[in-house]
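# Residue-level structural notes
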Amino acid sequence: MTTTIQEIDGKIVASLSGELDTAAAQEAEKALQPLLSCEGKEIVIDCTNLDYIASSGLRIFLSILKQAKGVGSRVVLKNVNDVIRDVLELTGFISIFEFE
Amino acid sequence: MYLYESIFSDMDPLKKSWLSRVGLVFIAAVLVEIISIVQYEHVRKLMQEEMEIRSEVVMGAMMQRIEHLLELTEVTMKENLWDVQRCLSRPDSIFASMVRLIDDNPYVVGGCLAFVPHYYPSVGRLFEPYAVKEKGKITVQQIAGPNHDYTRNQEFTFVLDSLKPSWTDPYSYGPDSLNYATYSYPVRDYGGRLAAVCGLDIDLTWLGDTLNAHQPFPSSFSMLLTEEGSLVTGPSKRRFSPELVSKTVDILNGTLPASAIPGLAIRKTKMDRDPYWQLVQVYKVDEAFTRMRRMRRQQMIFILLALAILAFMTNRYARSARKLREASEEQARLSGELSVARNIQQEMLPKTFPPFIYGSVESAREVGGDVFDYFIRDGKVFFCIGDVSGKGVPAAMLMSMIRSLFRMVAQKEDNPSHVLRILNEELCRGNDSNMFATFFMGSLDLYSGEMRFANAGHDKPFLVSDEIALLQAKSNLPLGVFPDTHFEEQTLTFAPGTTLFMYTDGLTEAKNIERKAFGRGAVLEVLRGCTTGASPQDVVSSLSEAAHRFAGEAPQSDDLTMLVVRFDPGHILREQIELSNDLSEVARLSAFVKGFCAKLPVDPKTASGLRLALEEVVVNVINYAFPDQEAGTVSIQADSNYHEVRFTVTDAGIPFDPTSVMEADTTLDAETRPIGGLGVLLARKLMDSISYSRRNGQNVLTLTKTIS
């Protein structure tokens, strides 16, 4: 599981690659800490290379979203694959996130 | 018009068609009448012509006969005249010559020789010897005298004056009023002096009878008239009134108009020689055709009668044809519906089978009353077989009901005896038609081989392992008999390779042409013949073949259903792993699940789902079953029969049931959603079932999912 955060065109882009399972989640939560202080910038989570996600990963996404919404920003999930999209659907996350 | 319309619009089509048929018959009758009239007129004309020709022929023949008679008489006169002349000079021989004269011709009944006055001065002024035939004897006598002065006779004077032979008009003479006619001939002596008039009498009485002997119609008659039109001879008084005859004569002579006797037809033919008599045939035109008309009328009645019968019959036929058509339409509709029903019923039966179970139904009719079903849940196969009393649609309906109930109830209820109890209660509810069903159900744990079963009056299944025996199932009452029946539950653990063979009596009671039943013994034989490795499908097809071979040409009388379940742990993939209660172990878990799934026919998405579900529950166990951070292990066993995957998660932590954790509400928005509860939600949604139990101080969590 690798995480990179960049600022592109005024948006904070976090690229995740690998499997975000329960074990990887603790690490990922730390790595994604900067996103919790986005200062109103739009957050893009690039899932192009994300193969798997467990509920702990979803919880990280949810806390990022809650924080961003709290400061009037938005979170966009980018290039979500079918397996992850299924999980998002099962949990109802499909309706609270934005996708591109 | 209004009435007409209202009558017809209110009528049902049956009546309408009946009326149209009556109309047709009426038209046919009119046509037949017209044809008959035309035919009648034509025939009448032909007949009239024919009658005229016939009458002409008859009258011609009659006339010829009369003329012939006259000629014969004339010839007789001429041939014998020399003899008479010869005797004139010898008056004593005159009598003899008279005898010879009339003897010569059988038609001549008498003859006279009326001498001119004073021819023989010795005998006085008048002398007339007269010969007469009486009963074959001829007598001659002199008949002239004061009472019989022949010189006043017109004929006599006419012949003397004209010197020509002449025929008298017929006259009546003598006591019998016979009809006579006389041929008179002037006789000269050798000196050339006119001596006498010789007369020959012929009898014409026979003529009247002969003329009327053969008449074409009852009212027709013939007459002979003189040239002047007076009656010579006609029909006898007994047959026709003289009044009618004289009236007819008057009409003929023009003294009475023809209309005096309506419909009278007269044919007349006249002799073309002396005495120019006329032959007349009289008939009534109407009467000539009376018989024909009567015939026509009778014919008409017959035809009308035939038409009426025809109409009646076509009506009957049309009615029965319609009934037949309606019946066949009904039949087609019913068979269409039956085939739909058959499809529905076939759809209800399982079509795909994992390797450890197989079943089949062969219905004797379109739809049947046999049922079997199976489904797999929680690592167990639930199966049933049943036979509804009766056959056909009612049995099929009950069968559908039983199958649906089984599905509904057994999906939730593990205990076969409870399932049967509920089914029985439902079937007894409002069972007015008193139908019932024998039923056997069981659940086989695909991993442990434990079978729980209960029976409701069904034939005991065969248990096939090293040896073959009947399953010692308690019979109990069938379903639908008494609502409070208790169905005892039994348990038996199968050794690996054990096969349970269930069937309906359509198998054991399959009959051959000699009405002999296949029997349980034959079933046993076939089962014995099956190799130990035979799959359930092999067993079913062996028995089906054997039963059909036995029955031969005999029609299948009952539904034939078989169901075979085999406990075959050899088909089960089983892997285990032990994890310590540390979240870092999740990586090992993931690798374990991936490796397990790689050996199964599952797509990546399903494999990912299985991994996620197991991860979520294991993480929960790690997080919550060991609250005091003490070290512990979580063991995971993964099983699959290639149809279903089962994970068993066991730990010795504190009692903890992850299924009792509140699930996240997926409908909440981002702000109000709690962070937790997602794991259980995911595991539930990804698996078919999750069940928890606490056994022997351990938490046992079972997750199953069907993969095929």
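Okay, so let's go over this structure. What you are looking at is a predicted structure, and each value in this text was computed from that prediction instead of being measured.

## Digging into the overall build of chain B
- When helices and strands are counted, chain B shows 15 helices and 26 strands.
- Looking at chain B as a whole, 32% of its 708 residues qualify as buried.

## Structural notes on helix H15 (residues 678-686) of chain B
- Of all nine residues making up H15 of chain B, seven are buried, and the element is well covered by its neighbours.
- Residues of H15 of chain B that are buried include every one of Leu 678, Gly 679, Val 680, Leu 681, Leu 682, Ala 683 and Leu 686 of chain B, and no others.
- Buried residues in H15 of chain B make contact with helix H2 (55-70) and helix H3 (82-91) of chain A together with helix H14 (604-624), strand E25 (689-695) and strand E26 (698-706) of chain B.

## A short note on the interface of chain A and chain B
- Each partner contributes residues to the interface: chain A has 21 residues there, and chain B has 24 residues.
- Counting only elements with at least two residues in the side of chain A that touches chain B, the list comes to helix H1 (22-31), H2 and H3 of chain A.
- In terms of residues, the side of chain A that touches chain B owes the most to one element, H2 of chain A, which gives eight residues.
- Of the residues in the side of chain A that touches chain B, the class split is ten nonpolar, five polar and six charged.

## Section: the packing of helix H11 (residues 519-529) of chain B against helix H12 (residues 536-551) of chain B
All names here are of chain B.
- One can describe the packing of H11 onto H12 by two numbers: an axis separation of 10 Å at closest approach and a directional angle of 135°. Here H11 is positioned oblique relative to H12, judged by the angle of their axes. You can see that H11 and H12 cross each other, and the crossing is right-handed. Residues Ala 522, Val 523, Val 526 and Gly 529 of H11 lie in contact with H12, whose contacting residues are Ser 542, Leu 543, Ala 546 and Phe 550.
- For the contact of H11 with H12, the per-class residue count stands at six nonpolar, two polar and no charged.

## Some words on the environment of Phe 156 of chain B
All names here are of chain B.
- By secondary structure assignment, the location of Phe 156 is in helix H4 (residues 154-162).
- Its 21 C-beta neighbours within 10 Å are what place Phe 156 among the buried residues.
- Separated by 40 residues in sequence, Phe 156 and Val 116 place their C-alpha atoms 9.3 Å apart.
- With near-sequence residues (within four places) excluded, Phe 156 lies in contact with Ala 114, Tyr 150, Thr 151 and Val 197.

Rules of the game
Positions within a chain are numbered from 1, following the residues in the order the chain's sequence is written. For this description, chains carry letters from A and ligands carry numbers from 1, given in the order in which they are written. Totals for whole chains, interfaces and linings use every residue, but because this is a predicted model, local features are given only for residues with pLDDT of at least 70 and side-chain atom pairs only at 80 or more, for both listing and counting. Counting from the N terminus, the helices are DSSP H or I runs at least four residues long and the strands are E runs at least two residues long. Any residue with 12 or fewer other C-beta atoms within 10 Å of its own C-beta is exposed, any with 20 or more is buried, and the rest are partly exposed; the C-beta atoms used are placed from the backbone. Any pair of residues counts as being in contact when their C-beta atoms, constructed from backbone geometry, are within 7 Å of one another. Gly falls in the polar group here, along with every residue not listed as nonpolar (Ala, Val, Leu, Ile, Met, Phe, Trp, Tyr, Cys, Pro) or charged (Asp, Glu, Lys, Arg). Helix axes are fitted only over the stretch in contact, all axes being lines through C-alpha atoms; the angle between N-to-C directions runs from 0 to 180 degrees. Put simply, angles under 35 degrees are roughly parallel, angles over 145 are roughly antiparallel, angles from 65 to 115 are roughly perpendicular, and the rest are oblique. Crossing handedness follows the turn of the near helix against the far one: under a right angle anticlockwise gives a left-handed crossing, and clockwise gives a right-handed one.

Distances and angles like these do not, on their own, reveal function.
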